[in-house]
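A structural walkthrough
Listed here are the chains, written in short residue letters.
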Amino acid sequence: MKARLKLARVGMNMEGGTISKWHVAAGDQFRTGDVLYEVETEKVSSEAEAPGDGVMIEVLVREGEVAAVGQDVCIVESA
């Protein structure tokens, strides 16, 4: 089943963040807990982990681009 993963709020006042690095590309498989991407805000840098096993279908927000909290950042196919 395809799913769109959204940018999660890391801090209370966070409104958005910059995707600083993708650890998976389209076609890559990942497992629960694998780091999918890194996001930077004004106050913190954090890693977004995979919520389950799957395959990256499409990256919607490229490295260096800003995403709003709740914005779709990628499309995955769950295993």
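Small disclaimer: the values here were computed from a predicted structure and weren't measured.

Describing the sheet that holds strand 8 (residues 72-78)
- On the basis of which strands lie adjacent, the open sheet formed by 4 strands has the order 1-8-6-3 and antiparallel pairing. Because the sheet does not close on itself, it has two edges, and the strands there are strand 1 (2-6) and strand 3 (29-30).
- As defined by bridge partners, strand 1 adjoins strand 8 across 5 bridges and the pair is classed as antiparallel. Residue pairing in the sheet places K6 in a bridge with D72 of strand 8.

Section: the pattern of salt bridges
- Evaluation of the coordinates by the stated rule reveals 3 salt bridges.
- Between D72 and R4 there is a salt bridge whose closest N-O contact spans 3.4 Å. Taken as a pair, D72 in strand 8 and R4 in strand 1 lie far apart in primary sequence, 68 residues in all.
- For D72, the salt bridge goes to K6, with nearest N and O atoms at 2.7 Å. Of this pair, D72 sits in strand 8 while K6 sits in strand 1, and the two are 66 residues apart along the sequence.
- A single salt-bridge network, built from bridges that share partners, covers R4, K6 and D72.

Conventions used here
- Residues numbered from 1 in each chain as written.
- Predicted model: local features only at pLDDT ≥ 70, side-chain atom pairs only at ≥ 80, totals over all residues.
- Heavy atoms only, no water.
- Pairing = 2+ DSSP bridges.
- Helix = DSSP H or I, 4+ residues; strand = E, 2+ residues; numbered from the N terminus.
- Salt bridge = Lys/Arg side-chain N within 4 Å of Asp/Glu carboxyl O.

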